[in-house]
Amino acid sequence: MNKRNSKKIIVSLFTALLLTLALLVPSVAKTDAERELEAANAEVIALEQQLADAKTAQATAQTQSRKGMYGFFEANGSTGALKALDNAKYKNLIAYGTAGDATSLDNLDAALDLLDAVNDKRAGQGLAPLVVTDTMMAMAEADADAYYDLRTTPKQFTIDGNKIAENLGTFANAKTAADSWYAEKAIADEHPEYMDYANANWSKVGHYFNMTREKYTVTGAAVNTRLGNKFCQVYYSTAGNEPTYTVAQYRQRIADYKASLTQKQQDITALEAALQTAKTRQATAQRIVEAEQSSAADTTAPNA
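Definitions and cut-offs
Residues numbered from 1 in each chain as written. Predicted model: local features only at pLDDT ≥ 70, side-chain atom pairs only at ≥ 80, totals over all residues. Heavy atoms only, no water. pLDDT = per-residue confidence, 0-100. Contact = heavy atoms within 4.5 Å. Pairing = 2+ DSSP bridges. Helix = DSSP H or I, 4+ residues; strand = E, 2+ residues; numbered from the N terminus. Axes fitted to C-alpha atoms, helices over the stretch in contact; angles between N-to-C directions. Buried < 20%, exposed > 50% of the residue type's maximum accessible area, 1.4 Å probe, protein only.

1. Remarks on the confidence of the model for the chain
Next up, step 1: Residues of the chain with pLDDT of at least 70 account for 89%, and the chain-wide mean is 89.
Next up, step 2: Contacts for the low-pLDDT stretch residues 7–27, under 50 throughout, to residues beyond four places or in other chains number 1 contact.

Next comes the structure, spelled out in structure tokens:
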């Protein structure tokens, strides 16, 4: 007998042995209950991970929310706005996100109301509406906070070496602020020569000048409400490469951001409910499997 035939015989014998053993070993196929338990276990594990991720996301959102507009600028990658707040001359007067501070999200509605009111005044003179940038909003917030403490124009910011224009004042609301500034028109109409920075009496019409100057195209606004309402609006001629928004679009961005913070808690609540349901399914499947195993053990137990 040659070696090749010997190998064939050995392989055949080994195969036959395996087939015999397979016939002797009891079937280990999973029951429906066992498959259900496996699926329930997998669901619980997946939901526990999703819940952990959601809680991490919520913690991050809560941290952002406490920062107020600083957190909003971070979430939107608004580097110009963050730089303005970080490098403000009176940065120490900013209390990020706290009640009454100009960076508080709760003060955004009043700030945007001011922008609407001023744009209405501009429209009455046939001027284009001012658009908003994150950097200008940040500058207005820093100025409103500084004005609260200094009680004078902060003059903190320049763009490309040029000072930004700013209107400041304490008013009951945004409409009153816009009306008061615009009321200087009566003086400007009587003394048009005042409408020039070089004029010694420019300050008598300065608010009206800033809010209606055709050269200005971009703006930002803020209000500090710690003690009275300290309104600020800033103006500049160009946004550079920064995105611009209408006031309505900016309102929507803030609304979407606030909703995203709220959604994190809603996600957690939904996942906790889903996990509870999955654990109930898991427990039910576990009881059925244990019952089947107990029944099988009773059936195969030897008689005493």
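2. Let's talk about the sheet that holds strand β5 (residues 218–224)
Next up, step 1: Within the open sheet, the 4 strands sit side by side as β1-β5-β6-β4. Their pairing is mixed. Looking at the sheet topology across the chains shown, the edges are occupied by β1 (131–132) and β4 (165–170).
Next up, step 2: Examined bridge by bridge, β5 and strand β6 (residues 230–236) share 7 bridges and lie antiparallel to one another. Pairing of Val-218 across the sheet is with Tyr-236, part of β6.
Next up, step 3: Relative to β5, helix α5 (residues 108–124) is tilted by about 135 degrees, and along the sheet it contacts β1, β5 and β6.
Next up, step 4: Of the strands in this sheet, β4 and β6 touch helix α7 (residues 174–182), which is tilted by about 55 degrees from β6.

3. With respect to unusual backbone geometry
Next up, step 1: At Lys-155, a residue that is not glycine, the phi angle is positive and equals roughly 50 degrees.
Next up, step 2: Positive phi, close to 55 degrees, is recorded for Asp-160, a residue that is not glycine.
Next up, step 3: Within the fold, Asp-160 resides in the loop between β2 (158–159) and β3 (162–163).
Next up, step 4: Residue Asp-160 is classed as exposed on the basis of its relative accessible area of 72%.

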